[in-house]
Amino acid sequence: MKKVITGNQAVAYGVILSRVEVVSAYPITPQTTIVEELSELIANGRLQTRFLKVESEHSAMAALIGASTGGVRCFTATSSHGLAYMHEMLHWASGARLPIVMVNVNRAIGPPWNIWSDQSDSLSQRDTGWIQLYCENNQEVLDTILQAYRIAETVRLPVMVVLDAFVLSHTSEPVEIPSMEEAEAFLPPYCSPYPLDPQEPKSFSVITTPEYFFEFRYKIQKAMEEVPEVCQQVEEEFYSRFKRRYGAVEKYGDEQAEVLLLTSGTVTSTSRIVVKKWREEGVNIAGLKIKRFRPFPAKEIGEAIKGAKKLAVIDRNLSAGVGGIFAQELRAALYSQEERPAIFGFVSGLGGRDITPELLEEAIQYTLVHSQPKEEILWLGLKR
Amino acid sequence: MSKPIQFKGASEMPEIPISLGFMDWNKTGAWRAQRPYYLDKTPPCNASCPVGNDIVSFIQKIVEEDLDGAWRVLREENPFPGVCGRVCFHPCESQCNRSFLDEPIAIHALERFVADFSEGQDQKVKREVEKGKERIAIIGSGPAGLSCAYHLARLHYPVTVFESFPLPGGMLRMGIPSYRLPREVLEREIALIESIGVDIRTGIALGQNLTWQDLKNYSAIFIATGAHLGRPLGIPGEKRRGVFQGLEFLKRVNSGKKIELGEKVGIIGGGNTAIDVARSVIRLGKKAILLYRRSKEEMPAFEEEVSEALEEGVKIRYLVNPIRIRSKDGLKRLECLRMKLGEKDETGRRKPIPIPNSNFFIEVDSLIIAAGEEIEFSYFPKGMERKGGILLTQRDGSTGVKGVFAGGDLTSTQRTVAHAIGSGKKAALAMDCYFKEKDSEEAFRRALIGEGPSISIFRYLHPDERRMDSHIVRFEELNLDYFERASRQKETKLPPKVRVKDFREVTSTLPSSLAIEEAGRCFSCGTCNGCETCYVFCPDASILKREEVFLREIDYDFCKGCGICFAECPRGAITLKEEAR
């Protein structure tokens, strides 16, 4: 069934189709309509899910940690300051190896106060042990939620599904919605290997001395290392059922392009048009969409950029003191490679400023004419 | 007992941080710096009860809907719950911690409820008196005498009570009108006292048909003859015909004798006797006007009685003092002075001062003087001392004469039913010590409720049961997170128009549902009622249960002394002390 729905509605459909048993959330713009949609469905009795009202995002995640430890599939959604408020509990969820799925609607963090899109909220949480998947359109949002539960429940790590504020969250697009039967066939009911049983009480996440703590962290890294393969298997199965696939990265344009434009989130849609236009004008260029940020797809990127001389990275975020975070991760990932293309780190669109086709063209133009970037940070669309 | 599990490395460890065995090898109790323990403390209601009732325990029995248990708890200390639930001035309620949140628990109504509930039950009371024990004579069958007799009988002593009137009960029967205390309630409770083996002989008056010589056969004597003599005003004319003494009047009314009363009856006094007289006068179809020399503030009568009297049409004139009574053709002409209030006197009340030349006259048809009662002293032997209008006794009721004890109104200026019952109980305990040659001071100290002066005979008999620290629980020591505001249940009363027609009881007993609701308001100050809050909160699962039964025990092998149980306990029943190092 195809419907014209917003990104936030696509999230709600994804949650419904995943038969989530516990939802706990606290409203924040631009996530609010997700929670509204779900709580209404639950209140009307159309969804057999427990909705836990809480007084903060910290509590929302704490409640899910309890629910997930109890062995049920659960969900929350947040944004910006709400995500920051959850920070402590994010570590807890991954440290306790709980397969929680959360949607974060990318929104800048204040001050100054701002409700529009950039990636500084989710990227601030990159070291919390969560898998992070960035979506380009509403269809991908819905599909990624279904996949996220499969991934999370396989590797026992929480997954954050990320979409841009307003550009996706509040914008309607046609979305193919799988039937419940199809969804159930793809995503079976969750069965925790560590169920809570009053007859056999267990302690969870209690104090662990230096003797063993280290090894638990090692195991989380090992689980992260399994993610690329698990993602691929999940996506193959998804493709066989729904004929849609996204990949950790997706390359489009000239296979042998020497210049690549790297994007994530909705900027990719703009990039697709710009890349197409420049190719038609005879420029040897390709685009690279990065969907999975954690674990960082170093291997997949390495393969996709073989032969490339220059990489233009569009970062809708800023790690003050360094620059764009995607560019930084990319530099680290490529350092061990023999051929290291020049990396042009563009920072653009902070606080929801539009990244227009013209700005992307400016970035391409700059990359084409310079053999090396003149500055570590290339400010795109900044009013000096 | 399991052991710590050792891993060589990550490959042997579980995927998630989950316990694989038990931690009971790790005696975390060794970390404890402070130790919590259950210690019941004294609730302020218990501490202020002159009878020495275990109020919280009986109320908690009501909460458990164990009304028979509640009745038994009450009867441990008091043979008169039905009487006290009606006529006691309930100092327990004025001390109730609940009054700091909303309103005090209606303790008197609950006591009455339990007593009346028991009436419908087939109460099996077994005879307690044993032959061969020391025989005891009790003079007077009022609340002090019968309380003493009851407790002595429960200590298995054969007791004989001598009563000068044809019927037992003393002031309960002669002084308190039946609209406050129906005769059947009194008779029911006296019958229960008799059924455990107390022998009551009526129509026998000390100094008349009973002499001290006759009492030589008894090993000990308890005198509780009360205070029956009307205190004269000391003004001209009070000995005239048609001028009654308040208590005399009540005795006649309460024993059904006829009294010639005029239409308009003046009553002089401001105590409970005066109010009882005035309300009885109204019920006999006459007008009652009460004259009191101070103001409403200083009136010793209980406030509720006063307001009920006013509802029924009793008129009260304050700051009026009669100085002369004249009569003519049956009409009494009272010459009075107006008064004003001066400095506080030794009773803490402001002293009335006559206003010079304020003389005026009040005309009444009959006059009743109820200005207080005095004790009869004439028939006491040498060695007994009188001071300040009472017979002097030690704390345990002993007098200057060996083996002779005394109590009740005779020995106290606090002349209430509750004080009388308490004094009878104290004497019973003291006599037991006397016969067993035990130190009564020491026994009293152990049986004290809080700081005293009331004692618990239950504690005397069962020193290891329901132990209670003497600390009196303050409102600040309760955890108010657990209590919501809830209004106090009120007993219903007959409308004044109906009340004045006869001597039917004014107030009715709470229905069962409301009584249980009211009991549920009780904080159970300082007294563990098994709410299990500690069990729920203990992060170390160190509050013990066995087969779902809450044990009120702490597992010190694992209790780390965090103090959460102590902080969360709604009623201050857990104490925390520093561990000895």
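Here's a quick rundown of the structure.

Cut-offs and rules
Residues numbered from 1 in each chain as written. Chains lettered and ligands numbered in written order. Predicted model: local features only at pLDDT ≥ 70, side-chain atom pairs only at ≥ 80, totals over all residues. Helix = DSSP H or I, 4+ residues; strand = E, 2+ residues; numbered from the N terminus. Buried ≥ 20, exposed ≤ 12 C-beta atoms within 10 Å, placed from the backbone. Core = buried A, V, L, I, M, F, W, Y, C linked by C-beta atoms within 7 Å. Contact = placed C-beta atoms within 7 Å. Axes fitted to C-alpha atoms, helices over the stretch in contact; angles between N-to-C directions. Parallel < 35°, antiparallel > 145°, perpendicular 65-115°, else oblique. Left-handed = near helix turned anticlockwise from the far one by under 90°. Nonpolar A, V, L, I, M, F, W, Y, C, P; charged D, E, K, R; others polar. Pairing = 2+ DSSP bridges.

## A short note on the overall build of chain B
Tallying secondary structure elements over chain B gives 19 helices and 24 strands in all. Oriented by its inertia axes, the alpha-carbon framework of chain B measures out at about 115 × 55 × 45 Å. Here chain B holds 581 residues, and the buried ones make up 44% of them.

## Quick look at the nonpolar core
Counting 127 residues, the largest nonpolar core has Ile 138, Ala 149, Ile 267 and Ala 278 of chain B as its most contacted members. A per-element tally of this core places helix 13 (residues 417–436) of chain B first, with 9 residues. Leaving out residues up to four positions away in the same chain, Ala 278 of chain B has contacts with Ile 267, Ala 288, Leu 290, Ala 309 and Val 314 of chain B. In terms of nonpolar packing, the next biggest core, distinct from the first, is built from 113 residues, Met 61, Ile 65, Val 167 and Leu 288 of chain A among them.

## Structural notes on the packing of helix 1 (residues 7–17) of chain A against helix 2 (residues 32–43) of chain A
Residue and element names in this part refer to chain A. Between helix 1 and helix 2, the least distance of the axes is 8 Å, while the angle of their chain directions is 40 degrees. When the interaxial angle is binned, helix 1 and helix 2 end up oblique. Remark: the crossing between helix 1 and helix 2 carries right-handed chirality. Contacts between helix 1 and helix 2 pair Asn 8, Gln 9, Val 11, Ala 12 and Val 15 from the former with Thr 33, Ile 34, Glu 37 and Leu 38 from the latter. Looking at the contact of helix 1 with helix 2 residue by residue, the class counts come to 5 nonpolar, 3 polar and 1 charged.

## So, helix 3 (residues 67–77) of chain B
Residues and elements named next belong to chain B. The buried fraction of helix 3 amounts to 8 of the 11 residues, a majority that puts the element mostly inside the structure. All buried positions along helix 3 are accounted for by Leu 67, Ala 70, Trp 71, Val 73, Leu 74, Arg 75, Glu 76 and Glu 77. Here the buried face of helix 3 lies against helix 2 (55–63), helix 4 (81–87), helix 6 (107–119), helix 13 and helix 15 (457–461).

## Overview of the interface of chain A and chain B
It is common to give the size of an interface as the accessible area lost on bringing the parts into contact. Facing 14 residues of chain A, the contacting portion of chain B comprises 10 residues. Each residue belonging to the side of chain A that touches chain B can be placed in one class, and the counts come to 6 nonpolar, 3 polar and 5 charged.

## Some points on the sheet that holds strand 3 (residues 136–139) of chain B
Residues and elements named next belong to chain B. If you trace the 5 strands from one edge of the open sheet to the other, you get 5-4-3-6-20, paired in parallel fashion. Two strands close off the open sheet at either side, each with one partner strand: strand 5 (199–202) and strand 20 (404–406). Along the sheet, successive strands turn relative to each other by an average axial angle of 20 degrees, direction set aside. Here strand 3 runs beside strand 4 (residues 159–163); their pairing, made up of 4 bridges, is parallel. Paired with Ile 138 across the strands is Val 161, a residue of strand 4.

## With respect to the environment of Tyr 194 of chain A
Position of Tyr 194 of chain A among the secondary structure elements: in the loop between helix 7 (180–186) and helix 8 (213–242). Taking C-alpha positions, Tyr 194 of chain A is 8.4 Å from Gly 70 of chain A, a pair spaced 124 residues apart along the chain. In this view, Tyr 194 of chain A contacts Ile 16 and Ile 18 of chain B; residues no more than four positions away in its chain are not counted.

## Focus on unusual backbone geometry
Omega for the peptide link from Pro 111 of chain A to Pro 112 of chain A comes to -5 degrees, which places this bond in the cis form. Mapped onto the secondary structure, Pro 112 of chain A falls in the loop between strand 5 (101–106) and helix 5 (120–123). With omega at 5 degrees, the peptide bond leading from Gly 452 of chain B into Pro 453 of chain B counts as cis. Tracing the sequence through the fold places Pro 453 of chain B in the loop between helix 14 (440–447) and helix 15. Even without being a glycine, Asn 357 of chain B presents a positive backbone phi close to 60 degrees. Turning to its location among the elements, Asn 357 of chain B is positioned in the loop between strand 14 (350–354) and strand 15 (360–364). Even without being a glycine, Glu 437 of chain B presents a positive backbone phi close to 55 degrees. Counting through the fold element by element, Glu 437 of chain B comes out in the loop between helix 13 and helix 14. Classification of Glu 437 of chain B by C-beta neighbours within 10 Å gives exposed; the count is 6.

Scope: geometric values only; no functional claims are made or implied.
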